[in-house]
Every structure is written in structure tokens, then in C-alpha cells.
Amino acid sequence: MPSEPLYPHYLPTRPDGFAQPTNVPLFEADEAGRRADPAKPSFTKGATLTNITPIIGTEIRGLQISKLANEGLDELALLAAERGVLVFRDQDFADIGFDRQREIVKHYGPLHQHPTMGFPAGTGPEFHVVYADEEAPSLRQLLGPRTTYDLWHVDQTFTPNVPGTTFFWVLETPESGGGDTAFTSLTAAYEALSPAFRRMLSGLSLFHTSASAGEVARVGAERALKEAISTTHPLITKHPVTGKPALFVNPTIARKVEGFLPEESENLLGFLHNHIRSLDFSCRVKWERGTVVVWDQRVTAHTAIPDFPKGERRHVVRMIPYGSKPEPAFPEEYQAAQSKSE
Ligand SMILES: [Fe+2]
């Protein structure tokens, strides 16, 4: 007999079927991290912070996200921007209800409405439920036979404003373990490149489209292309709060360098996509009951690791607020290259 889910009211539904991806017109984002006290007092009193690696990721114990005042939520955004990913343990977040969850994540910006992922009945597509069990296929089954299943990406970057401080909280983990999520620092990946190579990249931009590998798998290539929303972002971006440059690649959504011929684009992106996967910049997050992971999509790419046995239940929920439009880290070099290619 199949076991019952621990959180049946969070099972994914899609009563009206798949929607078209929503274009979000450019808006001036109010970055929470800009308002934060750089000393981050909410995180220094009573909480224990441990680096996962010196480069990326901080594990946090002894602090409830749900109890943070607005000042604490602002500090959380700044810390996520600086550390790439935050792993909060022993949280009550999964049990505070849809309204509080929505209210907390909305602190960081308007919420992305996912066109195809399921959401809990009575809520809307701002809740993105990632779910596998005896009947619902895991990512491994969705992708079909492959040699490896990591699919590094940044979520939903096909609009002028892109996702910022993103929340992902677990409801149930696979019985055999596994189903970790890995994160990689796009800031560290940028810093590892030589000054000469960085200069060459600083004038480039990438074409980002909603017709990603994931959407093609869900709705088919024809529909994904017909309904595609696309935009262009600089390849080397500047974080809106810390000002740090990042290598803003997105292997599933941004597969073309503007102005390059196909072979040039494939070769450069092939190198960069391989580069960001290095263990030098990445960390692996193990989920346990009560874990909430928060990451800043402007400086961090991620991948699922669908290594748990077929049929085991994994239940996770994500909410994505939009932050600023990515700006080039070196505007003069970027503008000069853009005007040359016109
Ligand atoms: Fe993702």
C-alpha cells in the first residue's frame, strides 16, 4: 500500500492546466538587502552560523525565519547575497500556513507565477510544488535516460527583472535519503577567470528564453516556442546590493551569446557551463525535516540531484520573488561592445 504524504494539503494541483509564461514588464525593484544593517544583528544574537565552504553557503541554527521582523528579513537578503545560499535548520516555516509563507517571501519582491508547475489547492501558481512519489515521476524519469542528471540553472530569467531571494522548503524527504540540491557561486566562478578573459566577457550578453529544457519537456517544443518570452541580459552582471560581478550564465535558459555565430556561442558557453560546475565554487545541501533553503539567484546557480529510488516520496515547495533587472558590471565596456555590434 502506498504511504500517505505528510503534507497532503501541499500536493500539487493545476486545475486549469498549463498557462502561458507571464511577461513581467520592467519595474524598479526595492531590494531588501539595501535596507539591511551590514552588522546583521538578527543573525549575530543567539544564532549559530557555519560556513558550508569558505566560498559558498552558510548553515544557520537557532533562528526562526518566521519570527524575524522586517529588519531581520532585510538582513537575510543581504546575507544570502553575500553567501550565495543559506540553509536554515529546524524551522517551523512548513507549518505556518500559506498566507504567512506568501507574506514572508513577498517581502523580497512580487512573486513569480509559474506557468506549468502544480500548486496547493486553494493557493495559486506563486507556490511551486516539486513532488515525486509512486505515481508522480521524479526529474530522473521526466528527463529520460541520460548519463548524468545534473542540470545547472538559474530559475526563470527570461524577463527584464530576474528572480532574487528565493525560498525552498522541504515537507518530506525520500526514505533512502538523497534528493539533495547543489549550489554554485557565480561570483567565485567569475573571480577564477583571468583578467584578460574577464575583459573579453564583459561586453557580451546572452539571450534568455522561457522555452527552456524543462518547459519543452512539460509542454512540448512547439508550444514552448510559440509562447516563448525572451530577453537579453549582460553576461557579467553586478549584484544590485553588494556590487560584486557575477558570471550570469544559465545553461537551461540562456543558450545563445548575442552577436556570435552558432559555433562560437556553443564553444564559449560550453566552456563556461562546465566551469561553473567546479567543486571549487559549489556545495551540496542535504535536506532534513524543517530545512528551509534561501538563495540569491543573481549570484548562485543550482541543480537538483535526483538520485533517490524510483517511487519514493520527495515533497518540496518553492517561492520566487523578482528582484532588479541585471545591470552590466562594467557599463562602459558593455556599452562600447553593444554599439559596435549594432
Ligand atoms: Fe530550479
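Residues numbered from 1 in each chain as written. Predicted model: local features only at pLDDT ≥ 70, side-chain atom pairs only at ≥ 80, totals over all residues.

- As annotated in an unreviewed UniProt entry, the protein chain is TfdA family Taurine catabolism dioxygenase TauD from Coniochaeta hoffmannii.
- A UniProt comment under Cofactor (unreviewed entry) is attached to the protein chain, and it reads "Fe(2+)".
- UniProt annotates the protein chain under Sequence similarities (unreviewed entry) with the comment "Belongs to the TfdA dioxygenase family." (UniProt positions renumbered as here; feature names shortened; annotations may be inferred.)

### Regarding the overall build of the protein chain
Argument step 1. Summing up its helical and strand segments, the protein chain has 10 helices and 16 strands in all.
Argument step 2. The C-alpha radius of gyration of the protein chain comes to 19 Å, within 12% of the 20 Å expected for a compact globule of 342 residues.
Argument step 3. When the backbone C-alpha atoms are referred to their principal axes, the protein chain occupies close to 60 × 50 × 35 Å.
Argument step 4. Burial statistics for the protein chain: of 342 residues in total, 44% are counted as buried.
Argument step 5. Across the protein chain, the fraction of contacts at a sequence separation of at least 24, relative to all contacts at a separation of at least 6, is 84%. (Helix = DSSP H or I, 4+ residues; strand = E, 2+ residues; numbered from the N terminus. Rg over C-alpha atoms; globule rule 2.2 N^0.38 Å. Buried ≥ 20, exposed ≤ 12 C-beta atoms within 10 Å, placed from the backbone. Contact = placed C-beta atoms within 7 Å.)

### Points about unusual backbone geometry
Argument step 1. Even without being glycine, Lys40 reaches a positive phi, approximately 50°.
Argument step 2. Residue classification places Lys40 among the partly exposed positions, given that 19 C-beta atoms sit within 10 Å.
Argument step 3. Even without being glycine, Asp90 reaches a positive phi, approximately 55°.
Argument step 4. Looking at where Asp90 falls in the secondary structure, it is placed in the loop between strand E3 (85-88) and helix H3 (98-106).

### Focus: the UniProt feature "domain: TauD/TfdA-like" (unreviewed entry) in the protein chain
Argument step 1. When the UniProt feature table is mapped to this numbering, "domain: TauD/TfdA-like" (unreviewed entry) covers residues 51-319.
Argument step 2. Structurally, residues 51-319 is divided into 26% helix and 25% strand, and its ends, taken at the C-alpha atoms, are 24 Å apart.

### Looking at the pairing of strand E2 (residues 58-61)
Argument step 1. Because side chains alternate across E2, one face comprises the buried residues Thr58 and Ile60, and the other comprises Glu59 and Arg61, none of which is buried.
Argument step 2. Direction of pairing for strand E1 (residues 48-51) relative to E2: antiparallel, over a ladder of 4 bridges. Note on E2: the bridge partner recorded for Asn51 is Thr58.
Argument step 3. Hairpin connection of E1 to E2: 6 residues between the antiparallel strands, including Gly57 at a positive phi of 90°.
Argument step 4. Bridge analysis of E2 against E3 gives 3 bridges, and the strand direction is parallel. Note that in E3 the partner of Ile60 across the bridge is Phe88.
Argument step 5. Remark: the E2/helix H2 (residues 70-83)/E3 crossover connection has right-handed handedness. (Pairing = 2+ DSSP bridges. Right-handed = clockwise from strand over helix to strand, strands pointing away.)

### Points about the nonpolar core
Argument step 1. Ranked by size, the top nonpolar core spans 71 residues in total, and within it Leu186, Leu247 and Val294 carry the most contacts.
Argument step 2. The element best represented in this core is H2, accounting for 6 residues. (Core = buried A, V, L, I, M, F, W, Y, C linked by C-beta atoms within 7 Å.)

### A look at the sheet that holds strand E14 (residues 300-304)
Argument step 1. As summarised here, the arrangement of the 3 strands in space is E12-E6-E14, forming an open sheet in which the pairing is antiparallel. The sheet is open, and its two edges are formed by strand E12 (282-285) and E14, each paired on a single side. Sheet twist, expressed as the mean angle between neighbouring strand axes with direction ignored, is 20°.
Argument step 2. In terms of strand pairing, strand E6 (residues 181-185) meets E14 through 5 bridges, oriented antiparallel. What sits directly across from Phe183, in E14, is His302. (Axes fitted to C-alpha atoms, helices over the stretch in contact; angles between N-to-C directions.)

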